[in-house]
Amino acid sequence: MATAAQTSPTSHPAPRGTCPFAPPPAYEQARHDEPISRVGLYDGASCWLITRHEDVRAVLADNRFSSDPDNPGFPFLTEASRQLLTVKPTFIRLDDPEHGWLRRMLTGDFTMRRTASLRPEIQRITDELIDRMIDGRHQADLVNEFALPLPSLVICLLLGVPYQDHDFFQECSRTLLHRGSTTEEVVDANTRLTEYIDALTASKRDNPDDGILSRLVARGELEIEDIGAMGRLLLIAGHETTANMTALSILALLRNPEQLAHLRAHPEATPAAVEELLRYLSIVQNGLVRVAVEDAEIGGTTIRAGEGVILQVNTANWDDDRYPGADTLDLTRDTRHHLAFGFGVHQCLGQPLARLELEIALETLLRRLPELRLAVPFEDVPFRNDMLIYGVHELQVAW
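Just so it is clear, the structure is predicted and the values come from calculations on it, not from any experiment.

Visitor: I'm lost on the overall build of the chain in this one. Help?
Guide: Each helix and strand counted, the chain has 16 helices and 11 strands in total. Based on the C-alpha atoms only, the size of the chain along its principal axes is roughly 65 × 55 × 40 Å. Each of the 399 residues in the chain was classed as buried or not, and the buried ones make up 55%. Considering only intrachain contacts with a sequence separation of at least 6, the fraction spanning at least 24 residues in the chain is 73%. As presented, the chain carries roughly 16,800 Å² of accessible surface, and 51% of it is formed by carbon and sulfur atoms. Within the chain, one finds 38 positive and 59 negative side-chain charges whose respective centroids are separated by 3 Å.

Visitor: Could you clarify how one ought to interpret the sheet that holds strand β5 (residues 139-141) in this entry?
Guide: Strand pairing in a sheet relies on backbone hydrogen bonds. The paired strands run either parallel or antiparallel. One open sheet accounts for three strands, arranged β5-β11-β10; its pairing is antiparallel. Of all the strands in the sheet, the pair left with one neighbour each is β5 and β10 (373-374).

Visitor: What am I meant to see in the pairing of strand β6 (residues 288-292) here?
Guide: Residues in a regular strand point their side chains to alternate faces of the sheet. Most of β6 is tucked away: four of the five residues are buried. Bridge count between strand β4 (residues 65-66) and β6: two bridges; the pairing is antiparallel. Across the sheet, Ser 66 pairs through a bridge with Val 291, a residue of β6. In the sheet, β6 pairs with strand β9 (residues 308-311) via four bridges, with the strands oriented antiparallel. The residue bridging Val 291 from the neighbouring strand is Gly 308, located in β9.

Visitor: Whenever I open this one, the pattern of salt bridges confuses me. Can you help?
Guide: Pairing between side chains of opposite charge can happen when their charged atoms approach one another. Here the structure, examined in full by the defined rule, presents 24 salt bridges. Two residues, Glu 359 and Arg 119, come together in a salt bridge whose shortest N-O distance is 3.7 Å. Within this pair, whereas Glu 359 is found in helix α16 (residues 351-368), its partner Arg 119 is found in helix α6 (residues 119-134), the two being separated by 240 residues in sequence. Accessibility expressed as a relative area gives 15% for Glu 359, which makes it buried. One salt bridge in this structure joins Glu 240 and Arg 384, with 3.3 Å as the shortest N-O distance.

Visitor: I tried to follow the environment of Ala 58 on my own but got confused; where do I start?
Guide: Among the structural elements, Ala 58 can be located in helix α2 (residues 53-60). In the structure, Ala 58 is positioned 240 residues away from Ile 298 in sequence and 7.3 Å away in space, judged by C-alpha atoms.

Visitor: Can you walk me through the sheet that holds strand β1 (residues 10-11) in this structure?
Guide: Here six strands make up an open sheet; going across it, the order is β1-β2-β3-β9-β6-β4 and the pairing mixed. Two strands close off the open sheet at either side, each with one partner strand: β1 and β4. Of the pairings in the sheet, the one linking strand β3 (residues 46-50) to β9 comprises three bridges and is parallel in character. Directly across from Trp 48, in β9, lies its bridge partner Val 309.

Visitor: Hey, could you run me through the packing of aromatic side chains in this one?
Guide: Two aromatic rings, taken as a pair, are described by how far apart their centres are and by the angle between their planes. Evaluated as defined, the whole model comprises eight aromatic pairs. Feature note: the residues Phe 21, Tyr 280, Trp 318, Phe 378, Phe 383 and Tyr 390 constitute an aromatic cluster, connected by ring pairs. One cation-aromatic arrangement involves Arg 38 over Trp 48; the distance from NZ or CZ to the ring centre is 4.8 Å.

Visitor: Would you explain a negative patch on the surface in this entry?
Guide: There is a patch of like negative charges on the surface, built from Glu 54, Asp 320, Asp 321 and Asp 327. Examined against the element boundaries, Glu 54 turns out to sit in helix α2. Residue classification places Glu 54 among the exposed residues on the basis of a relative accessible area of 57%.

Visitor: I'm lost on the packing of helix α9 (residues 166-177) against helix α12 (residues 224-255) in this one. Help?
Guide: The description of two packed helices rests on the angle between their axes and on the distance between the axes. Two elements in contact, α9 and α12, have axes separated by 10 Å at closest approach and are oriented at 85 degrees. One way to sum up the angle between α9 and α12 is to call them roughly perpendicular. Touching Phe 169, Gln 170, Ser 173, Arg 174, Leu 176 and Leu 177 of α9 are Leu 235, Ile 236, His 239 and Glu 240, all from α12.

Visitor: I tried to follow the pairing of strand β2 (residues 36-40) on my own but got confused; where do I start?
Guide: Taken across its five residues, β2 has five buried, putting it largely inside the fold. Where burial is concerned, the two faces of β2 agree: the one with Ile 36, Arg 38 and Gly 40 and the one with Ser 37 and Val 39 are both buried. Where β1 meets β2, two bridges bridge the pair, whose relative direction is parallel. The partner of Thr 10 across the bridge, within β2, is Val 39. Following the chain from β1 across helix α1 (residues 25-33) to the adjacent parallel β2, one finds a crossover that is right-handed. In this antiparallel pair of consecutive strands, β2 and β3, the connection spans five residues, and Gly 44 shows a positive phi of 90 degrees.

Analysis parameters
- Residues numbered from 1 in each chain as written.
- Predicted model: local features only at pLDDT ≥ 70, side-chain atom pairs only at ≥ 80, totals over all residues.
- Heavy atoms only, no water.
- Helix = DSSP H or I, 4+ residues; strand = E, 2+ residues; numbered from the N terminus.
- Buried < 20%, exposed > 50% of the residue type's maximum accessible area, 1.4 Å probe, protein only.
- Contact = heavy atoms within 4.5 Å.
- Areas by Shrake-Rupley, 256 points an atom, 1.4 Å probe, with all protein chains shown as cover.
- Lys, Arg positive; Asp, Glu negative; His and termini not counted.
- Charge placed at Lys NZ, Arg CZ, Asp CG, Glu CD.
- Pairing = 2+ DSSP bridges.
- Salt bridge = Lys/Arg side-chain N within 4 Å of Asp/Glu carboxyl O.
- Phe/Tyr/Trp six-rings, centres within 6.5 Å; stacked < 30°, edge-to-face > 60°.
- Lys NZ or Arg CZ within 6 Å of the ring centre and 35° of its normal.
- Patch = residues over 30% accessible without salt bridge, like charges linked within 9 Å, V, L, I, M, F, W, Y side chains within 5 Å.
- Axes fitted to C-alpha atoms, helices over the stretch in contact; angles between N-to-C directions.
- Parallel < 35°, antiparallel > 145°, perpendicular 65-115°, else oblique.
- Right-handed = clockwise from strand over helix to strand, strands pointing away.

The analysis is restricted to geometry; functional conclusions fall outside its scope.
Here it is as structure tokens:
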């Protein structure tokens with residue numbers, strides 16, 4: 001049985017290799033050679049790096065591992081994230097019962113039935129964005145003209161946030177998710193976004209609407225600051241993740257023409273294709289972080305109370321033992337139990353909405369733009385290696 005003293009740290013995050021869709025080679029090597037190993041953090045501390053599907057899933061399902069950054073040994077990935085996560089954690093950074101109590105206030109807004117009811121509106125927004133993008137032109141940046149505004153419009157609609165403020169909250173999001181942001185920049189962006197959301201939330205008392213913020217205010221169970229923290233989380237997660245998955249999915253399909261041809265020939269297979277793209281791309285590139293609050297044995301290794309872990313979702317989703325030929329995009333693959341949305345009690349609340357947005361975006365783009373192609377060499381596409389959520393900064397396409 002391994003212990004903390006038996007392994008040597010390497011640094012986190014590791015650089016990507018020549019394939020921009022693949023996890024960092026160092027982590028792939030670790031999954032083969034030492035799937036639970038020590039890794040060094042920015043401040044000289046170390047924690048456990050867990051890279052195998054079975055082990056990542058086991059930790060996510062184990063209540064001996066906490067999401068609460070106030071616990072000793074919690075692994076912060078940057079100094080800025082330390083400052084951000086310890087100011088006022090959102091419910092995803094709490095453990096049960098507090099986590100479950102707050103999460104249940106939102107589950108009704110993201111059920112399969114509620115999400116399905118949004119299909120006509122999401123389809124309308126999708127078609128309108130494509131109409132504007134292709135009007136009199138044959139080239140555009142798919143990120144800024146389609147992939148980013150689509151989920152931004154939808155989450156603003158759900159929350160009751162004015163979409164005309166999107167430049168402001170997207171700027172704040174970029175700062176909060178940029179690995180190179182200084183502590184001062186992160187604190188400033190978080191303060192400005194918090195003040196904005198809190199003021200908007202407070203205004204719902206006198207000007208209620210059908211959005212989530214207004215409904216939470218009407219419940220009268222939470223302080224404005226607590227509702228604002230929920231709204232801030234949903235606003236950032238609700239547009240950043242789906243926007244990057246949409247653009248990166250299109251790029252992956254364009255790089256795999258046989259898979260693209262399959263999907264064009266079988267649009268009814270779009271839901272299954274979305275699952276494979278989620279597995280293959282795994283945009284949470286720097287892992288999920290937890291800390292052990294009790295001693296736990298995972299994959300034959302003892303993780304002591306107070307030791308942090310980084311769960312590499314991207315290597316877990318590329319685990320050949322779970323998905324043979326995992327480094328190949330295969331839209332007909334059985335992708336059950338992929339971890340793109342996490343697992344366990346903290347599994348992504350908004351996954352039904354993300355899936356629907358991706359399905360509608362991909363099906364509509366491929367149907368309406370049969371000649372869709374890259375407008376620049378693949379080598380010139382700017383990947384988001386500097387961001388916590390992976391993707392591309394822009395994607396020039398033609399049709």
